[in-house]
Structures are given as C-alpha cells and as structure tokens.
Amino acid sequence: MFFEKDRLVVRSLEKKDNKLLVKWLSNPLILKYYEGRDNPFNLEKVNRKFFNQKGRVTRCIVEYGVEEIGYCQFYPLDNHTRKIYGYENNPDIIYGMDQFIGESTYWNKGIGTLLIQVLVHYLVNQYEADKIVLDPQAWNERAIHCYKKSGFQKVKLLPRHEWHEGEYRNCWLMEYNNKVEGESSNC
C-alpha cells in the first residue's frame, strides 16, 4: 500500500488486477475519457500496456472502502516530455500523473478530488516533487475542475497533443507548483 486517507487506499498494481483493467478499459463510458471508445482493451492489450513495460512509472489500483474503483500512475518526467511541456531547462523535480475512476457509480462524489489531493501530498512528501503535471483534454471540463480544486493551474494549451477517437485533441498542461502552493493545499 502506498497511502490511505479516509476510505481511500492506493496500492501497487498486481498481476491479478489485469481483469479489472479489462473491465474498465472495455467500457465505453470510461473509454470516452481515457484511451477512447475506439480503443477498447482486451486481456492481451492490458498485459502488454500495464505489465510488460519497463521504466519509472509507478502503477496503482485505487480502492474506496472495500471496492477497487480505479487506476492511477505517476512518474518523473523524462527529457522528451520535459521538452514538449517547456521544462527542458528547468531543474525542478517534476512528476506526471494519470488517473481514472473506473467504476462510474463513484463519479461526482468527491472521490476523484480526494485521490488527486492525496496523490499530490504523497508525491510532494515522499518524492520531494517541486511540480506535478497532468494534461487533460481541453473538452474534459469535469477533470479540469477537479484538478483546479486540488491546486492545479492551467499553464498552457497543448494543441493537437493527444490522439483520441480518431483525431488529435487539444490538451491543457496543468501544474501543481509546490513552491507556490507549499502547505496551503487541502492535502
């Protein structure tokens, strides 16, 4: 387990979780926001993308109460991503993160916001992150609102940044700046 707050638990992804990921990433309601409805996952694809990867990505399952409800990952930004985001000459410790709530019955209950806030707190305190970034698609106002409530600010528009459902979509680079936010966040 990485951390726990209230009824929220974030733990390491385990091989047995592959069926959960297939369930979530084959559901059009979830795929609308994560990966795209034209890109459903089967077991082989989940195993290839989530379990056969090398690198510095930490993959996790999100639990609420006793139910597994979602997925999150975090990683130090590599040089290629730093350049795309405009951080190539920035000495700060910068982490990226991605997440989704795979059980839609848990949407709009504040759990996503709690997850973001707890994950930010964890990255700042355990990894000494100066900045944490994410890049939601510009049309995803629900996610953007959640991130703003958690101390993230829009930094710049990333035109045609992510392939989603047959076209390149604009995304917002959003940043949590620990040097500005300090301990003022709700974590």
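Residues numbered from 1 in each chain as written. Predicted model: local features only at pLDDT ≥ 70, side-chain atom pairs only at ≥ 80, totals over all residues. Heavy atoms only, no water.

Peer 1: Any chance you could explain the overall build of the chain here in plain terms?
Peer 2: Scanning the chain for helices and strands turns up seven helices and eight strands. By the compact-globule yardstick of 16 Å for 187 residues, the chain fits well, its C-alpha radius of gyration being 16 Å. A principal-axis box enclosing the C-alpha atoms of the chain has dimensions of 40 × 40 × 30 Å. Across the 187 residues of the chain, 51% fall into the buried class. (Helix = DSSP H or I, 4+ residues; strand = E, 2+ residues; numbered from the N terminus. Rg over C-alpha atoms; globule rule 2.2 N^0.38 Å. Buried < 20%, exposed > 50% of the residue type's maximum accessible area, 1.4 Å probe, protein only.)

Peer 1: What is the right way to look at the side chain of Glu-103 in this model?
Peer 2: With respect to the helices, strands and loops of the structure, Glu-103 is situated in the loop between strand E5 (94-101) and helix H5 (111-127). Looking at Glu-103, its side chain comes within polar contact range of the side chain of Trp-24, at 2.8 Å. Contacts of Glu-103, omitting those with residues within four sequence positions, involve Lys-23, Trp-24, Glu-67, Glu-68 and Ile-69. (Polar contact = N/O pair within 3.5 Å; in protein donor to acceptor, adjacent residues only side chain to side chain. Contact = heavy atoms within 4.5 Å.)

Peer 1: Even after reading the chapter, I still don't get the pattern of salt bridges, so can you show me in this structure?
Peer 2: Opposite charge on two side chains allows them to pair when their charged atoms are near. Under the criterion given, the structure shown has 13 salt bridges. For Glu-103, the salt bridge is made with Lys-23, and the minimal N-O distance between the two is 2.7 Å. Of the two residues, Glu-103 sits in the loop between E5 and H5 while Lys-23 sits in helix H1 (residues 18-24), which places them 80 residues apart along the sequence. By relative accessible area, Lys-23 is classed as partly exposed at 46%. Glu-165 serves as the salt-bridge partner of Arg-37, at 2.6 Å between the closest nitrogen and oxygen. Here the residue Arg-37 occupies a position in the loop between helix H2 (28-31) and helix H3 (43-51), and Glu-165 occupies one in the loop between strand E7 (153-164) and strand E8 (167-177), the gap between them amounting to 128 residues. According to the relative accessible area criterion, Arg-37 is partly exposed, its value standing at 43%. Counted as one network, the salt bridges with shared partners bring together Arg-11, Glu-14, Lys-16, Asp-17, Glu-63 and Glu-68. (Salt bridge = Lys/Arg side-chain N within 4 Å of Asp/Glu carboxyl O.)

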